[in-house]
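Coordinates in review
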Amino acid sequence: MKEKLVIGNWKMNKTFEQADDLIGDIFDLLKGFHKTTEVVICPPSLYLELATDYADAEDSNFRIGAQNCSEYKNGAYTGEISAEMLSEMEVEFCIVGHSERRKYFGETDETVAKKVDRLIEQNIIPVVCCGEQLEERKAGKHFEIVEKQVKESLFHLPANHFEHVVIAYEPVWAIGTGETATPAQAEEMHAFIRSLVEKQYGADVAYNLYILYGGSCNPKNALELFSQQDVDGGLIGGASLTASDFVAIVEAGDTAVKDN
Ligand code: PGA
């Protein structure tokens, strides 16, 4: 089993002072912890400089991601932040296509595909989210929905670029609801996504791809989820806002690899 990746998505939470405390606590807890799990923290954009300062410090054990970027390169797009600006801030990852952005900000597979291109141009790793709504799962359409999202947002990439993406499967009904997909449901979808990638890009690219699970992942359920063959780690929302919970999830990543 390959090493895990755990990404914390803070969403629109924390004041500057609280953000400083949280990242400082995570820094302290991870310092000197010889983990194998790769850790990425995605704070609100205004705190990226604060976060990259911590990530650059000696003994730092994590990297930094953003939660969104513009689909445009630059220009008259009031309020937007470009991939180039993120790159200048030493941001290494960026979440795109999160279901909250699809729901509240009209993000579509087409805009996600453009954001992916902007990020790859800047050597930032896109973390592309996909996942079905509850009604879609009840109607047995979840595979179809996820297949469309993955193909339309990513399959325009040549293989050498696809190697630099992460996919996060986040069933919408599990995000922030306390209702987690069962390990079997997660594994089934992750294996399906990997099979799509294998058909398009071949077995090596499919094997090396990180497919994260997101949706009410917490210290209690992380180990069982991460022990699934095709679950390469997690995209963590609520539980990433408490340093001890987040670090416990990182530890679950290490344990899953050790035990499998
Ligand atoms: P959650 O959010 O862990 O709070 O369910 C996950 C996400 O939206 O990335």
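Calculation rules
Each chain has its residues counted from 1, following the order in which its sequence is written. With the structure being a predicted model, the display of local features is reserved for residues of pLDDT at least 70 and the display and counting of side-chain atom pairs for 80 or more, all residues being used for whole-chain, interface and lining totals. To obtain the side-chain values, all non-hydrogen atoms of the structure were included, while hydrogens and water were left out. Stacked, tilted and edge-to-face are the three classes assigned to paired rings of Phe, Tyr and Trp, where Trp is represented by its six-membered ring and a pair needs centres within 6.5 Å; plane angles under 30 degrees give stacked, over 60 edge-to-face, the rest tilted. Helix numbers and strand numbers start at the N terminus; a helix is a DSSP run of H or I with at least 4 residues, a strand a run of E with at least 2. Our definition puts a charge over a ring when NZ of Lys or CZ of Arg is within 6 Å of the ring centre and also within 35 degrees of the ring normal. We call a pair of cysteine sulfur atoms a disulfide when they lie within 2.5 Å. The buried label applies to any residue whose accessible area, calculated with a 1.4 Å probe on protein chains only, is under 20% of its type's maximum; exposed applies above 50%, and partly exposed to all values in between. Being near a molecule or strand, for a residue, means having at least one of its heavy atoms within 4 Å of it. Under this definition, polar contacts are N or O atom pairs within 3.5 Å; protein pairs additionally need one hydrogen-donor-capable and one acceptor-capable atom, and for neighbouring residues in sequence, both atoms have to be side-chain atoms. Accessible areas in this description were obtained via Shrake-Rupley with a 1.4 Å probe; residue shielding takes into account the shown protein chains only. Cavities and pockets are defined on a 1 Å grid built over the protein atoms alone: a cavity is a set of grid points where a 1.4 Å probe fits but cannot escape, while a pocket is an open set with protein on both sides within 12 Å along at least five of seven lines, and lining residues are those with an atom within 4 Å of any such point. Grid points are joined across faces, edges and corners, and a volume is the space filled by probe spheres set on the points. The residue classification treats Ala, Val, Leu, Ile, Met, Phe, Trp, Tyr, Cys and Pro as nonpolar and Asp, Glu, Lys and Arg as charged. All others, Gly included, are polar.

Moving on to the packing of aromatic side chains. Scanning the model with the defined rule gives nine aromatic pairs in all. A centroid spacing of 5.8 Å and a plane angle of 55 degrees characterise the contact between phenylalanine 27 and tyrosine 54, whose relative ring orientation is tilted. Of this pair, phenylalanine 27 sits in helix H1 (residues 16-30) while tyrosine 54 sits in helix H2 (residues 48-56), and the two are 27 residues apart along the sequence. An aromatic cluster is defined as three or more aromatic residues linked by ring pairs; in this entry it consists of Phe27, Tyr54 and Phe62. The ring of tyrosine 207 has lysine 2 lying over it, and the distance from NZ or CZ to the ring centre is 5.1 Å. Just above the ring of phenylalanine 105 sits the side chain of arginine 101; from NZ or CZ to the centre is 4.3 Å.

One pass over the structure, following the stated rule, counts zero disulfides. With no disulfide of its own, cysteine 130 has cysteine 129 as its nearest cysteine by sulfur position, at a separation of 7.6 Å. Accessibility expressed as a relative area gives 5% for cysteine 130, which makes it buried. You can see cysteine 217 has no disulfide; the closest cysteine sulfur is in cysteine 129, sitting 14 Å from it.

Let's shift gears to the site of the ligand. As a matter of local geometry, the ligand sits amid 13 residues, with Lys11, His98, Glu170, Gly176 and Ser216 nearest to it. The contact in question runs from an oxygen atom of the ligand to an N or O atom on the backbone of glycine 176, over 2.6 Å. A distance of 2.9 Å is found between an oxygen atom of the ligand and a backbone nitrogen or oxygen belonging to glycine 237. Against a free-state accessible area of 280 Å², the protein chains account for coverage of 95% of the ligand.

Inspection of the entire model under this criterion finds one cavity of 30 Å³ or more. Lining the largest cavity are Gly97, His98, Ser99, Arg102, Cys129, Cys130, Gly131, Gln149 and Glu170. Of all the secondary-structure elements, those providing two or more residues to the lining of the largest cavity are helix H4 (99-105) and strand E5 (125-130). Classifying every residue of the lining of the largest cavity by side-chain character gives two nonpolar, five polar and two charged.

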